[in-house]
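# A closer look at the structure
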There are 2 protein chains.
Amino acid sequence: MKLVVQKYGGSSVKDKERVMNVARRIVETYDAGNNVVVAVSAQGDTTDELIEKAKEINENASKREMDMLLSTGEQISISLLAMAIEKIGRPVISLTGWQAGFKTDKTFGNARISRIDTERLKDELDKRKIVIVAGFQGINKNDDITTLGRGGSDTSAVALAAALNADVCEIYTDVDGVYTADPRIVKNAKKLKDISYDEMLELASLGANVLHNRSVEMAKKYNVNLAVKSSLNKNEGTIVKGANKVEKMLVRGVTRDNDVARISLCGVEDTPGKAFTIFSLISKENIGVDLILQSIGRDGKKDISFTVKEEDLDTVLKLIEENNDTICADDVKFSKDISKVSIVGAGMVTNAGVATKMFEALYNAHINISMIATSEIKISVLVDQKEAERAVVAIHDAFLLEN
Amino acid sequence: MKLVVQKYGGSSVKDKERVMNVARRIVETYDAGNNVVVAVSAQGDTTDELIEKAKEINENASKREMDMLLSTGEQISISLLAMAIEKIGRPVISLTGWQAGFKTDKTFGNARISRIDTERLKDELDKRKIVIVAGFQGINKNDDITTLGRGGSDTSAVALAAALNADVCEIYTDVDGVYTADPRIVKNAKKLKDISYDEMLELASLGANVLHNRSVEMAKKYNVNLAVKSSLNKNEGTIVKGANKVEKMLVRGVTRDNDVARISLCGVEDTPGKAFTIFSLISKENIGVDLILQSIGRDGKKDISFTVKEEDLDTVLKLIEENNDTICADDVKFSKDISKVSIVGAGMVTNAGVATKMFEALYNAHINISMIATSEIKISVLVDQKEAERAVVAIHDAFLLEN
């Protein structure tokens, strides 16, 4: 008997019709002779509505109490989904994060799963029950409820698949796979049949909005076969698997990420360790820094620019202000009106002409590049936000039309 | 340092203004130097809305999944209330039923508290935190979430007060005490300064809607001082305490209960054990039977009439139908258009004229009585539902105007 882990996102269970629809899909997999464990997100906009409710009372509520509040969203959807499966007449049980054995660290609002105690899960599977698990949540050592942060339900699903040694982990979303570019922007974008973990990791963290990067990291670490599929149709999705199992492509896809803010520290003293000071302050707050650019020093001074997520901008600016006696920047500039446009492909590393071709495509489209960063399998550029969609189309045309 | 347990009902926390209001009251008690533990219900109509959501998907959802769903209501209100107290700037922590150590039996939807493991509660109180506990819920031996049934948050509060040996348990509602009759029906109803557990028990189970009877039973068992107060004003409430501490009154109050259905089994064989057969079937379903009336046998047959809560009527009728080869009733009649009107008072037992005076008051008001039941401290009559309010006024005038 195979074990299938499925994950359904918030839009897949947003109303009673969709809940029934998802219930029928789960039962289909169950009736085909598989054991089924399902991770579910909160319905539709529930999480945002709960956040709104909290803000009306306290703009600065503690993260512990926010997690107590937000975790109810998934608890509602697991019980409703279980009821829908009961209606179809299959044995089913819903489990909250703590009931399903999810233990996390203490970082409220953005906790990491430390382990899953699978005893209860295995007990219920042994009874041939369909097990519906609340995604996005767990408990820490003190038995306090924690949430895993945005996209956490994907991570819950992959963690379940890894802990239970599942045959496949199917991630159902409102798109039916991973595309060479966002089909809303690029009309002739193509769906990928498969993609490697590393390429998917770059795409996920670059704003492809299909899978959360933590979940892909975990899938890579535990070698979990991921399938990205649509919960609305039966199209074949995209399989994410080990690099040795997929064909190396020069460029796998083009992405755009608007959730970027750029900060420039101008006229920082050009002494060793200066960059370390700044970035260690930021990492202490659990904020990720993405692109970093340091100008060549002049007159003993240099400029340091870097990007963070927009939601972290205020915190970082405050940090810089509070520590400017150490940092000693002449001026601090920032902008939110920028986007990061990237190309990803495992074949890139062996082909020197890729960057040139990308810059040429942007030059031909008269789009200015303000920062550049490269890794073995990606090249990212920062452009004006209003130019970003044109940039994606231009790059997609240059690389992917020929496939 | 005193320990005060407070309970706030759903209407007391129904919107953000009321949540802030309750937070201020709690902080007042805390700032006066008390330790404070608070049990809270779900906000306003949340529970009903969740039940509605469930019914849209499955009219016959299992009680286990219903409890999983409904327990989110209190989890939302405890986190919001904790955020409101954080905003005022006092140390606070919210705890779900299981986090607060509530262990119950396995009866989903109507569980009984078996014990409270107070370790976590005491830990938090030792840190001088205000502790906000989700009422109405606990977990059973399998770590499944259970709910205590309607009025369960009162029981949660009393159980907390008993387990923590609190100095007082204050129940805040939208009325400011226990009255001689429902003030919406009887204009000149008077608030009682105090009342005994036994009298309150009769009033609670008779539909006074102030305290749930389980909570009063528990208060009596563990000798918890209960204070019923309004969450909207600072009026002195009503104290519920031991019978030896309150003055014995002939009639303490008049109540009406519309949530009554009468079932009559006509022409049942007049043999010993017949009544036992019927009522053992009903009690197996955890359904409470209230008034019971058995006619004197004639031609070897008799009629048995009894009342149950309206919500249980269908289940009982089905039970009777399924078992009619054992019960062998010639005919089964039932009605929901009836009310139970009762008078309660510890002085009644020593005064034979009370029943006569009650029946006389109803006779003068031309109200017909269809069933009568008496105990040491109460007399209940069944009347047409449309006559019930007039009956309450007539009886109140006869007994309580003279006080």
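In what follows, the accompanying structure is described. Bear in mind that the values here come from a model prediction, so they are computed numbers and not experimental data.

### A short note on the overall build of chain A
- Broken down by element type, chain A carries 12 helices and 20 strands.
- For 403 residues, the compact-globule estimate of 2.2 N^0.38 gives 22 Å, and chain A sits close to it at 23 Å.
- Across its three principal directions, the C-alpha atoms of chain A cover 75 × 50 × 35 Å.
- Across the 403 residues of chain A, 56% fall into the buried class.
- If you take every contact in chain A between residues at least 6 apart in sequence, the share linking residues at least 24 apart comes to 76%.
- Total accessible area on chain A stands at roughly 17,700 Å², and carbon and sulfur atoms take up 46% of it.

### Focus on the nonpolar core
- Counting 74 residues, the largest nonpolar core has A:Ile26, A:Leu81, A:Ile132, B:Ile26, B:Leu81 and B:Ile132 as its most contacted members.
- Discounting chain neighbours no more than four positions away, the residues touching B:Leu81 are B:Val19, B:Val22, B:Ala23, B:Ile26, B:Val38, B:Val40 and B:Ile132.

### A word on the side chain of B:Thr147
Residue and element names in this part refer to chain B.
- Among the structural elements, Thr-147 can be located in strand β8 (residues 145-147).
- Residue classification places Thr-147 among the buried residues on the basis of a relative accessible area of 2%.
- Polar side-chain contacts of Thr-147 include one of 2.9 Å to the side chain of Asp-67.

### Considering the packing of aromatic side chains
All names here are of chain A.
- Inspection of the entire model under this criterion finds five aromatic pairs over all chains.
- On the basis of an interplanar angle of 10 degrees and a centroid distance of 4.8 Å, the ring pair of Tyr-8 and Tyr-172 is categorised as stacked. With a gap of 164 residues between them, Tyr-8 in strand β1 (residues 3-8) and Tyr-172 in strand β9 (residues 168-173) connect regions that are remote in the sequence. The pair formed by Tyr-8 and Tyr-172 is uniform in burial state, with each residue classed as buried.
- The interplanar angle of 80 degrees and the centroid separation of 5.2 Å between the aromatic rings of Phe-279 and Phe-306 together place this pair among those described as edge-to-face. Here the residue Phe-279 occupies a position in helix α8 (residues 274-284), and Phe-306 occupies one in strand β16 (residues 301-308), the gap between them amounting to 27 residues.
- In this structure, Arg-128 packs its charged tip against the face of Tyr-30, placed 4.0 Å from the ring centre.

### A word on unusual backbone geometry
- One non-glycine residue, A:Cys328, lies in positive phi territory at about 50 degrees.
- Mapped onto the elements of the fold, A:Cys328 is located in the loop between α10 (324-327) and β17 (331-335).
- Of note, B:Asn165 is a non-glycine position whose phi angle comes to about 55 degrees, a positive value.
- As for its placement among the helices and strands, B:Asn165 is situated in the loop between α5 (152-163) and β9 (168-173).
- Judged by relative accessible area, which is 66%, B:Asn165 ranks as exposed.

### Some remarks on helix α7 (residues 213-222) of chain A
Residues and elements named next belong to chain A.
- Within α7, burial applies to Arg-214, Ser-215, Val-216, Met-218 and Ala-219.
- Next to the buried residues of α7 lie β5 (113-116), α5 (152-163), α6 (197-205) and β11 (226-230).
- Just downstream of α7, Asn-223 is the residue with a positive phi angle, here 55 degrees.

### Re the sheet that holds strand β13 (residues 253-257) of chain B
Residue and element names in this part refer to chain B.
- The strand order across the open sheet formed by four strands is β13-β18-β20-β19, and the pairing between neighbours is antiparallel. Unpaired on one side and paired on the other, β13 and β19 (371-374) mark the two borders of the sheet. Strand after strand, the sheet turns through a mean of 20 degrees between neighbouring axes, direction not considered.
- Contacts between helix α6 (residues 197-205) and the sheet are confined to β13, β18 (338-344) and β20 (378-384), with β18 contributing the most and set at about 170 degrees to the helix.

Reading guide: rules and limits
Residues numbered from 1 in each chain as written. Chains lettered and ligands numbered in written order. Predicted model: local features only at pLDDT ≥ 70, side-chain atom pairs only at ≥ 80, totals over all residues. Heavy atoms only, no water. Helix = DSSP H or I, 4+ residues; strand = E, 2+ residues; numbered from the N terminus. Rg over C-alpha atoms; globule rule 2.2 N^0.38 Å. Buried < 20%, exposed > 50% of the residue type's maximum accessible area, 1.4 Å probe, protein only. Contact = heavy atoms within 4.5 Å. Areas by Shrake-Rupley, 256 points an atom, 1.4 Å probe, with all protein chains shown as cover. Core = buried A, V, L, I, M, F, W, Y, C linked by side-chain atoms within 4.5 Å. Polar contact = N/O pair within 3.5 Å; in protein donor to acceptor, adjacent residues only side chain to side chain. Phe/Tyr/Trp six-rings, centres within 6.5 Å; stacked < 30°, edge-to-face > 60°. Lys NZ or Arg CZ within 6 Å of the ring centre and 35° of its normal. Pairing = 2+ DSSP bridges. Axes fitted to C-alpha atoms, helices over the stretch in contact; angles between N-to-C directions.

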